[in-house]
Amino acid sequence: MTEYKKVFQELKEASGDRNVTLVAVSKFHPYEMVMEAYADGARIFGENRVQEMREKFPPKGERPEGMKVYLIGQLQRNKVKKAIEWADRIESVDSIPLIDKIEKECEALGTDMEILLEFNSSGEEQKSGFSSPEELIEAASYASGCSHITVKGIMTIGPLGFDDEKNRRAFKRTKDLYDELKAVYPSFTVLSMGMSGDWRTALEYESDEVRIGTAIFGERV
Ligand SMILES: *Cc1c(COP(=O)(O)O)cnc(C)c1O
């Protein structure tokens, strides 16, 4: 049993007229649970490790109708090829060398990739992501010049703990940066922020996509 339907309904009620995508974060949970959520309407799943994603999900083209998998965890350059082969989008792009590698591997594989640029909006050292708006802006410019990459927007993970004020500061910074880039790049349509503990707050800052694991699948072991 998953709580997908309940979370989907809550999200729908909280987002009003806005169309907010629900990514069901299935990391650490078995494919049987993915399929239960799928039966309840889930289509987009989030995984944070390339190997787990490849072991759990069927390859592209062999999945149930409409099922997509987004990579949301830090990606090492030596795993880019394996990631591109399986993922429908990479949401955790955090450096220009990584963008470069994605472009080269896409070229070699004859494919294209959607990406989100990850912003370290809380400034926490243990978090990945571009640590300043300037660096992220430079990366957006770089990625926009790549012919196999579509930069769909920005992803951020809120601060550790449940400090509402800190959360709001991080989401506001990310939203401002997103608006600035959206004005320049028409491909920007996704601001991905909000997880089980803070998605309602993220919606107040006009998140377009929430990534929810625990509230749907339960605690990870
Ligand atoms: C694990 C994870 C989530 C989901 O977190 P929950 O608190 O379980 O909802 C969302 N985004 C990223 C990047 C994650 O790694």
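Okay, so let's go over this structure. Note that the coordinates shown come from a computational prediction; the quantities given were computed from them, not determined experimentally. Per chain, the residues get numbers from 1 upward, laid out in the order the sequence is written. Reporting of local features is limited, given that this is a predicted model, to residues whose pLDDT is at least 70; pairs of side-chain atoms are given and counted only at 80 or more, and all residues count toward the totals for whole chains, interfaces and linings. To get the side-chain values, all heavy atoms of the structure are used, and hydrogens and water are removed first.

## A few points about the packing of helix H6 (residues 133-144) against helix H7 (residues 164-182)
Viewed as axis vectors pointing N to C, H6 and H7 meet at an angle of 35 degrees, and their least axial separation amounts to 11 Å. Considering how the two elements wind past one another, H6 and H7 form a crossing that is right-handed. In this structure, H6 contributes Pro133, Leu136, Ile137 and Ala140 to the contact, and H7 contributes Arg173, Leu177, Glu180 and Leu181. All amino acids are sorted into three groups, where Ala, Val, Leu, Ile, Met, Phe, Trp, Tyr, Cys and Pro are nonpolar, Asp, Glu, Lys and Arg are charged, and the leftover types, Gly among them, are polar. Classifying every residue of the contact of H6 with H7 gives six nonpolar, no polar and two charged. Axis angles are defined between N-to-C directions and span 0 to 180 degrees, where every axis is a line fitted to C-alpha atoms and, for a helix, only to the segment in contact. Where helices and strands are cited, they refer to DSSP runs of H or I of at least four residues and of E of at least two residues respectively, numbered from the N terminus. Note on convention: the crossing is left-handed when the near helix lies turned anticlockwise from the far helix by less than a right angle, right-handed when the turn is clockwise. In this description, contact between two residues means that some pair of their heavy atoms is separated by no more than 4.5 Å.

## Thoughts on the site of the ligand
Proximity is defined per residue: if any heavy atom of the residue lies within 4 Å of a molecule or strand, that residue is considered near it. Inspection of the region around the ligand gives Val25, Lys27, Ile72, Ile157, Met195, Ser196, Arg211, Ile212, Gly213, Thr214 and Arg220 as its neighbouring residues. Polar contacts here mean pairs of N or O atoms no more than 3.5 Å apart (in protein, one a potential hydrogen donor and the other a potential acceptor; neighbouring residues in sequence count only if both atoms are side-chain atoms). In this structure, an oxygen atom belonging to the ligand sits 2.8 Å away from a main-chain N or O atom of Gly213. Per-residue and other accessible areas follow the Shrake-Rupley method at a 1.4 Å probe size, with only the shown protein chains counted as cover for residues. For the ligand, the protein covers 90% of the area, taking 390 Å² as the surface of the free molecule. Per-class residue counts for the shell around the ligand are five nonpolar, three polar and three charged.

## Some details on the pairing of strand E1 (residues 21-25)
The buried fraction of E1 is high, at four of five residues. Strand pairing is assigned whenever DSSP detects at least two bridges linking the two strands. In the sheet, E1 pairs with strand E8 (residues 209-212) via four bridges, with the strands oriented parallel. Following the sheet pairing, Ala24 is matched in E8 by Ile212. Of the pairings in the sheet, the one linking E1 to strand E2 (residues 44-47) comprises two bridges and is parallel in character. Paired with Ala24 across the bridge in E2 is Phe45. Exposure categories follow from relative accessible area, calculated using a 1.4 Å probe and restricted to protein chains: below 20% of the type maximum is buried, above 50% is exposed, and the middle band is partly exposed.

## Brief notes about H7
Here H7 contains 19 residues, and its C-alpha end-to-end distance of 26 Å stays within 8% of the 27 Å for a straight helix at 1.5 Å per residue. Within H7 the residues assigned to the buried category are Asn167, Ala170, Phe171, Thr174, Lys175, Leu177, Tyr178 and Leu181. Buried residues of H7, seen end-on, are gathered within an arc of 165 degrees and therefore sit on one face of the element. Counted as exposed and oriented over 90 degrees from the buried face of H7: Glu165 and Arg169. One fewer than the residue count of a helix, multiplied by 1.5 Å, yields its expected span. Here the arc refers to the directions that run from the helix axis out to each C-beta atom.

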